[in-house]
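# Commentary on secondary and tertiary structure
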Protein chains: 2
Amino acid sequence: MANPLTISIDAMGGDSGPEIVVPGSALALERKPHLRFHMFGEEERVVPVLEKHPRLKEVTQFHHCDVSISMDDKPSQALRRGRWKSSMWRAVEAVKHDEASVCVSAGNTGALMAMSKFCLRTLPGIERPAMAAIWPTLRGESIVLDVGANVGAGSDQLVEFALMGGAMARALFDLDRPLVGLLNIGVEEIKGQEIVREAGRILREVDLPRMHYHGFVEGDDLGAGTVDVVVTEGFAGNIALKTAEGTAKQISAYLRAAMNRTLLARIGYLFAYQAFDFLREKMDPRNANGAVLLGLNGVVIKSHGGTDEEGFAAAVEMGHDMAANGLLDKIGRDQKVFASRGDEAQATPAEGSSGVS
Amino acid sequence: MANPLTISIDAMGGDSGPEIVVPGSALALERKPHLRFHMFGEEERVVPVLEKHPRLKEVTQFHHCDVSISMDDKPSQALRRGRWKSSMWRAVEAVKHDEASVCVSAGNTGALMAMSKFCLRTLPGIERPAMAAIWPTLRGESIVLDVGANVGAGSDQLVEFALMGGAMARALFDLDRPLVGLLNIGVEEIKGQEIVREAGRILREVDLPRMHYHGFVEGDDLGAGTVDVVVTEGFAGNIALKTAEGTAKQISAYLRAAMNRTLLARIGYLFAYQAFDFLREKMDPRNANGAVLLGLNGVVIKSHGGTDEEGFAAAVEMGHDMAANGLLDKIGRDQKVFASRGDEAQATPAEGSSGVS
């Protein structure tokens, strides 16, 4: 990857557009000063904000786009209205044309997925891209995929997700052989969905050199951080992600209510203020902002639409780390190893059975 | 329902068996003094504990059973080993023979489900029973089903779950027309799984008099308590339930760590002690202990296997409330209304189209 590393930004994405995206990019630049940017959006909205961040402006090429994708455009509408010319499309296209190593957008998820697929196409051997999220756990962080790019997945897709998630864990967490689990109900091999069991059989049989297949995990293993990568189909994955977010909000509300109940509690809160800061930091969804669209000929990061500058900066930095650590090369290599191992696996039982029986 | 109300107890179920089940039942009796019990289990283990609770012993008929189902028996093994004679089977059978209004077991979930189906059979018009959990929310409590009795469900099953969940909400929360939502990813009608969309169309069309169909809800609506009843297929429902449990554990661990970090935090904790008690009470999983097996000719409650006396008592009391409020009659009535409305719905468009066009 190029050093300096260039990131293409859809400046119009997200609930607030350039007002969050531009300062967020400036924040990322403070922390990673070798970054360079392509920024796409409406001139009259983006440039005035960019003017306020001279250091960012210096390393940014701005490109005016007439069209912006709205947060509630359907993917098909977005493609019809915005192909070739919207800020989102052009930010993705910059990756296709090697003008940027990563694209970051806080825009409409469905539209970003559709445009990324259409523009970048999937990597050889990958049927469907997946969306991977970073999940804060008691042991640090895990990767969970798919969190909603696809509804439904066969066992082959789950195996693809496992490969891509494993490669991402190596790129992001600096692990040699990440632990990969399949999300299921019950951990025994006889339990749960047949496609999950079948994916488990394949992963166990192929036994890839760069990932360790752990077996099944359950919903409560997500927060515990039992494995580095949790693989699931997009419907269940999205529900798990949103359920965890909802539970965190719910407990925060209980905690706030508890700390406001009595004078003693309020005094206690003052004493423990720093401790609550620590808790807030731990529970801050901005730290884990940024889902990765995996399986494409390029790295695309989806930031939460409602995030703030800090959260957007985290998404940009995540994009930087993915590109700097060669995510695509890692996926490509794993995919080849898997394909060749597949052939070996097919050959072995035949030899074995003719030799033994 | 009979008053006094009789509950049949599988005294051998759960991680600790009679040591938890018997005192838990005694606790429930303190709060609901008109309860009566049938208790099934191994005499040498149950009777000594029962002796310590004279008030409970007085209102309990004990029945010795040689066989106990273990927590890791597979459902088929359990049926083979335990049909007709195990404490679990006989506790369920007491409901079938009208000797008890409700059965409560903390035993192996799969085995309890299999035995209950085999012994009690499903209600007319119900194809598959579901397991319904009580979910604590910011607005109180909701019912979520299915949380793992079935993997996979068609749109007709989801509609059945909606009917049964609605009846349960009326029995438990004293609501006239509970709000029912279908768990999906994205709330727009075009989003998510086709079977969920189809179930939504049916519920909207039939528009039952005793439930209000709200539309789709997402994972974060569970904790928010957006609806009274959340309907989902068992795989996603189980993952949501365990993910929420895991997230709650994770945040408790963060909170403990935060409160132990500095001397000031520990002092603050002392001041706010009562507030933390309030929080613990809110987050106490024992309050929501007890899932209901819905759709059978009888009420069966599954207590968490690892619960304590307090939790088991909550499960018994939940069973009491279900029976006392006529859960089965409510499901039966709703099912009939739905079936007749279904006919009306089939007839109406034909009349409409011949009349209008």
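Note that the structure is predicted; figures quoted are calculated from it, not measured.

As a general point, the strands of a sheet are linked pairwise by backbone hydrogen bonds and lie either parallel or antiparallel. Residue and element names in this part refer to chain A. The strand order across the open sheet built from eleven strands is S3-S2-S1-S4-S11-S10-S5-S6-S9-S7-S8, with neighbouring strands paired in mixed fashion. Taken across any chain shown, the strands that pair with only one partner, and hence form the sheet edges, are strand S3 (60–64) and strand S8 (212–217). With direction set aside, neighbouring strand axes in the sheet form an average angle of 25°. Contacts from helix H2 (residues 43–51) reach strand S2 (35–41) and S3, with the element oriented near 160° to S3. Along the sheet, helix H8 (residues 194–206) contacts strand S7 (179–183) and S8; its crossing angle with S8, the most-contacted strand, is approximately 160°.

In the superposition of chain B on chain A (RMSD 0.0 Å, axial shift 0.0 Å), the rotation amounts to 180°. On the angle and the small slide along the axis, the relation comes out as a two-fold axis. Measuring from the rotation axis to each C-alpha of chain B, the shortest distance belongs to B:Gly268, at 1.8 Å. Comparing contact sets, 100% of the residues at the interface of chain B also lie at the interface in chain A, consistent with an isologous, same-surface contact.

On a regular strand, each side chain points to the face opposite its neighbour's, so the side chains alternate between the two faces of the sheet. All names here are of chain A. Across the eight residues of strand S5 (residues 130–137), eight count as buried, placing the element largely inside the fold. Across the two faces of S5 the burial is the same, with Ala 130, Ala 132, Ile 134 and Pro 136 and Met 131, Ala 133, Trp 135 and Thr 137 all buried. Pairing of S5 with strand S10 (residues 291–294) involves three bridges; the strand directions are antiparallel. Counted as the bridge partner of Ala 130 is Leu 294 from S10. Sheet topology places S5 next to strand S6 (residues 140–145); six bridges connect them, and they run antiparallel. In the sheet register, Ile 134 faces S6, and the bridge partner there is Ile 143. Linkage of S5 to S6, two consecutive antiparallel strands, is achieved through a turn of two residues.

With that settled, the discussion passes to the interface of chain B and chain A. On the side of chain A, 51 residues touch chain B, which itself brings 51 residues to the contact. Within the side of chain B that touches chain A, the residues separate by chemical class into 30 nonpolar, 13 polar and eight charged.

All names here are of chain B. The end-to-end C-alpha distance of helix H1 (residues 18–31), which contains 14 residues, comes to 20 Å, matching closely the 20 Å that a straight helix rising 1.5 Å per residue would cover. Buried residues dominate H1, accounting for eleven of its 14 residues. Those residues of H1 that fall on the buried side of the exposure criterion are Pro 18, Ile 20, Val 21, Val 22, Pro 23, Gly 24, Ser 25, Ala 26, Leu 27, Ala 28 and Leu 29. For H1, the secondary structure elements touched by its buried residues are strand S1 (5–10), strand S2 (35–41), helix H2 (43–51), helix H3 (54–58) and helix H13 (309–324).

Criteria and thresholds
Residues numbered from 1 in each chain as written. Chains lettered and ligands numbered in written order. Predicted model: local features only at pLDDT ≥ 70, side-chain atom pairs only at ≥ 80, totals over all residues. Pairing = 2+ DSSP bridges. Helix = DSSP H or I, 4+ residues; strand = E, 2+ residues; numbered from the N terminus. Axes fitted to C-alpha atoms, helices over the stretch in contact; angles between N-to-C directions. Contact = placed C-beta atoms within 7 Å. Least-squares fit on C-alpha atoms with pLDDT ≥ 70 in both. Buried ≥ 20, exposed ≤ 12 C-beta atoms within 10 Å, placed from the backbone. Nonpolar A, V, L, I, M, F, W, Y, C, P; charged D, E, K, R; others polar. Expected span 1.5 Å × (residues − 1).

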